[in-house]
Each structure stands twice: as C-alpha cells, then as structure tokens.
Amino acid sequence: MAKSRKEKIRYVCQNCGQDSLRWQGKCPSCGSWNSFVEERVIAPSRHSNSFSERPDPMLLDKIESDSAPRIPANSHEFDRVLGGGIVPGSVILVGGDPGIGKSTLLLQEAAGLSKEDFKILYITGEESVQQIKMRADRLKLSSDQLYIAAETELEAVLNAVEMINPGLLIIDSIQTIFTPLLESAPGSVSQVRECALKIIQLAKTKNTPVFLVGHVTKEGYLAGPKVLEHMVDALLLFEGDRDHFYRILRAAKNRFGSTREIGVFEMWEQGLRDVPNPSAVFLSERRAQTNGSAVICCMEGTRPILVEVQALVSASNYGYPQRTATGLDLKRLNMLLAVLEKRIGLRVGAMDVFVNAVGGMKIDETAADIGLLACIASSVKSQVIDHKTVLVGEVGLAGELRSVSHIEARVAECAKMGFSSAVVPKGNMKNFSPNGSIKIYPSETVQEALNYILL
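Counting from 1, residues in each chain are numbered in the order their sequence is written. Selection of residues for local features in this predicted model requires a pLDDT of at least 70, selection of side-chain atom pairs for listing and counting requires 80 or more, and totals for whole chains, interfaces and linings are taken over all residues. Based on all heavy atoms of the structure, the side-chain values leave hydrogens and waters out of the count.

**Focus: the overall build of the protein chain**
Runs of E in the DSSP output that reach at least two residues are strands. Runs of H or I that reach at least four are helices, and both are numbered from the N terminus. Regarding its fold elements, the protein chain presents eleven helices and 21 strands. Over its C-alpha atoms, taken along the principal directions, the protein chain stretches across nearly 90 × 55 × 50 Å. Here the analysis covers contacts within the protein chain between residues at least 6 apart in sequence; of these, 67% occur between residues at least 24 apart. Residue exposure ignores everything except the shown protein chains as possible cover, and the areas themselves are Shrake-Rupley values with a 1.4 Å probe. Accessible area for the protein chain stands at about 23,500 Å²; split by element, carbon and sulfur atoms hold 50% of it. If the 51 positive side-chain charges of the protein chain are averaged to one point and the 52 negative ones to another, these points end up 5 Å apart. Any pair of residues with heavy atoms lying within 4.5 Å of one another is described as a contacting pair. Charged-residue counts in this description rest on Lys and Arg as positive and Asp and Glu as negative, His and the chain ends being excluded. Where a charge lies is defined by one atom per residue type, namely NZ (Lys), CZ (Arg), CG (Asp) and CD (Glu).

**Some thoughts on helix H11 (residues 446-453)**
Any residue under 20% of the maximum accessible area for its type is buried, any over 50% is exposed, and the rest in between are partly exposed; the area is computed with a 1.4 Å probe on protein chains only. The complete set of buried residues in H11 reads Val-446, Ala-449, Leu-450 and Ile-453. On an axial view of H11, the arc spanned by its buried residues comes to 100 degrees, and they lie on one face. On its buried face, H11 is in contact with helix H8 (330-344), helix H9 (369-381), strand E17 (389-391), strand E18 (394-395), strand E20 (421-425) and strand E21 (439-443). Note: the arc covers the axis-to-C-beta directions of the helix.

**Brief notes about the pairing of strand E8 (residues 210-214)**
The element E8 is largely enclosed, with a buried count of five among its five residues. When DSSP finds at least two bridges between two strands, those strands are taken to pair. Pairing analysis gives five bridges linking strand E4 (residues 91-96) to E8, with the strands arranged parallel. Within the sheet, the bridge partner assigned to Leu-93 lies in E8 and is Leu-212. The handedness rule is simple: strands pointing away from the viewer, and a clockwise path from the first strand over the helix to the second, make the crossover right-handed. You can see the chain leave strand E7 (residues 168-172), run along helix H5 (residues 189-206) and come back into E8, and the turn it takes is right-handed.

**Notes on the sheet that holds E7**
The nine strands lie next to each other as E6-E5-E7-E8-E4-E9-E10-E11-E12, forming an open sheet whose pairing is mixed. The open sheet has two free edges, formed respectively by strand E6 (146-150) and strand E12 (271-274), since each of these has just one partner strand. Within the sheet, the average angular offset between the axes of one strand and its neighbour, ignoring direction, is 25 degrees. Think of each axis as a best-fit line through the C-alpha atoms, taken over the contacting stretch in the case of a helix, with angles from 0 to 180 degrees between the N-to-C directions. Against the sheet, helix H2 (residues 102-113) makes contact with E4, strand E5 (120-124), E6, E7, E8, strand E9 (234-239), strand E10 (246-254), strand E11 (262-268) and E12, and its axis sits at roughly 70 degrees relative to E12, the strand it touches most.

**Examining the environment of Leu-106**
For Leu-106, the position within the fold is in helix H2. Separated by twelve residues in the primary sequence, Leu-106 and Val-94 place their C-alpha atoms 9.2 Å from one another. Ignoring any residue separated from it by four or fewer positions in sequence, one finds Leu-106 in contact with Phe-78, Ile-170, Phe-211 and Val-213.

**Here's the deal with H9**
To estimate how far a helix should extend, the number of its residues minus one is multiplied by 1.5 Å. Given a rise of 1.5 Å per residue, 13 residues ought to cover 18 Å, and the 18 Å separating the end C-alpha atoms of H9 matches this to within 8%. Along H9, eleven of the 13 residues are buried, which leaves the element largely enclosed by surrounding structure. Buried within H9 are the following residues: Asp-369, Ile-370, Gly-371, Leu-372, Leu-373, Ala-374, Cys-375, Ile-376, Ala-377, Ser-378 and Ser-379. Positive phi appears at Ser-382, one or two residues downstream of H9, with a value of about 55 degrees.

Keep in mind these values describe shape, not function.
Structure below.
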C-alpha cells in the first residue's frame, strides 16, 4: 500500500503571505491583526525528479532574441500605457476598486481584438455567461471569435485553453480561481499564488498573453499576496472616482515599457472611450478670474498634462485647523504651508486649508509645488491669478524655485492650449530658448513668482 504524503499545517497571513508554524494575532511582517489563517500544505514526494528535462544554460551571445511584434490594443490610450502594444507571452495584472470599469475595459478590448485568426478566451469567475452577454449588448459589442466561459477551477481553465488555443486569455478575477490540490479557500494566499504560477507557466510556454483582474482592498492595495505583483510582467491600476466621468489607467510596473505613462478614459453609456487630449478635458469647466485657482503642467510619462488645482483657505472654527488634500500629497501640502508662512510671511497656521486637483487626477510630481503654493496665497489674499498663466516649478525649504525636467515639452503644451505666459524656474533657462509664442517669467524664488502672477 502506497504511503500518503505528509500534510503540514501552516498559518499564513492573508495580507502579505507571511507563514508561521503557529497562529499569531499580529503579523510580524506587515503588522496586520487577525490575518493568519490555517492552511494545509502537502509535502512533495521525495522520489519525484524535479530536475528532469531542464534546458542547459546558454551563453548570452548565442541566445536568439524573439522578434515577435507586439499586438496593438484596440484602444490608443491602452496601447500607450502598455508601452506600444501587448507583448506575446506577457502576464498583465489589472487592479482597481469595485465598479471602476475593469471588466468593461477588458471586454471592450477582447471584442475589438478578436478576429478570425485571433481567438480570445474570457474566463469569468464572478458572473455567468448570460451576465457577460447582457453587458456586451449594453455596450453594443459583438464578436464571433470571443469565447466566454464561467469557470473557477484551474484545471477546467487549462483544459479550455488547450481546446480553444486562444491568442489572448483574460481571467476575471484571479481571486476566484482555485485548484483542488490545495485545501485552502479560493482567494487565499496559497490559492492565488499557486494558480497564478500555473497561469504564468502557461503564458510563457504557449507564448499567449494573459490579462488577470485583481481585487483591491479597502485601503487601496491589491488583494492577495505581495508576491503576485512580482510574478506578473505588468501591473496596471485603474483609478478614478465613480462620481466622475473620467478614469485613469496607470502602470505601476511594466517590464516592457515606462511606468510613468497614463491612459485617460471617459465613461459613457456605451462603455469607456479614449480621451486623446486630457488637458482640454481637465480645463473645460475652469472659471476665469476666480481666486484660489491655478493651472500647473505635470508630466505623465512622455505626455505633459495641464491640470487645474484649487485652494480654499478660511478661518478655523475649531481649536485644531484642518488640512485636506484631494489628489495631492498631504505631507507635501504641510511643507508648502510652512514655507509660505516662514519665507513669504503669510499667516496660515490658524486657518483651514483645503486643496483639490480637478478631474480626479492624482498628482505626485514636485513640479506642481509653485502652482499649489500660488493658489493658496491667492485664496488668502483674495487676489486672482491670471487665468492665461501656467506655473511650473519645485519649491525648496529656503523658498527657492528649483529646476524641473522636460521644460520644453511643458511650455509647448501650454502654448498649444492657448496660454499666454508661464512661470518657470530660472535654472531652466540655461539650456532653454523660448520660441516667442508664449511669454516666460523666469523666477528664482517663490516671492518673485508670486509678484508676477497675483493681480
């Protein structure tokens, strides 16, 4: 009688994947409470030969590079974020809040890319095939080469891939897929890690690109083990407020392209459509001659985007003044308020300060410092910033204005959008010669910049 393999009991943190021989209330790795769950691990057989049929190491100069062309996406904005198309054999993880439009985006891409010589398999673990059909009808999508399967078992998914041999595989979502070889529940760290590993092996051996949809926790982090982000080739985050029409697709990791590129989409009745000129969208509802409003130019990858930032400063009715930042870094805001009070002499320490980046944008670039500081000063003094002026520059703790990158592209975007002047750091003028279509105000300090723009 064959002796069964030994089972080991481990306690695994469902937040970060840390394992332990005994249960712990607090995870020593990530600090989360009550996240350890019991999981049974089957020890591998000693007689199994794991080193059979392994390829020998090869010299770098002897390896032939794969010149397979990228698969162009159906959406130009999606193409931009991926770095110029879908790389064959790549595994791309798409994450985002519930209801943000992840399934809608991938279903649109699947319907647009499927054709007679390029079949696509869409695996849904959360919906039935009838529900997918209802969404396709609402989006007015049709395709005779798009296969839909409602499966949650990994072995069934692999069998469907063998039967159809698709050119592209979409799994929605990876947290619903499980293998019966593990006793843990679907969505647990062991299940997600094991299923993702099998799918990645499938993608690399068959040279088939795979899109995985991932859930997001209430804190905004991707659910499941952190190792999942390291296993995939690209991690795309779908951001935006469900109360707004616009969605932003951002690359947090991309082995085949830049991680600074973003794609902007607009949600409408028939799904998501590209926004080729985000600057015009973000400035479309801007009111002229309003204090507390300024326009900045931030770089997202290779594309400059003009965004309006707003500030409202009022006397505090409470003992502790409020600081609220929407789409901007709160710690950076506190630093700029300290510079404004210490170097410029504006007393804002006892006032409530609210700042906002219009359109749902999340700005983390230091080139937005002078624009944010200027709109705060504008609100304090009740003075209007010229609505045809753009502000670009990083603010230092001494109140100086520091140089930023890609100043030529930023100024060119300002001129294209019809702005007449721009405040830029004086240090950027060394290797930059304006073409005369827009007036440049080079500034060395914050005070000098404010003297230019406050009317």
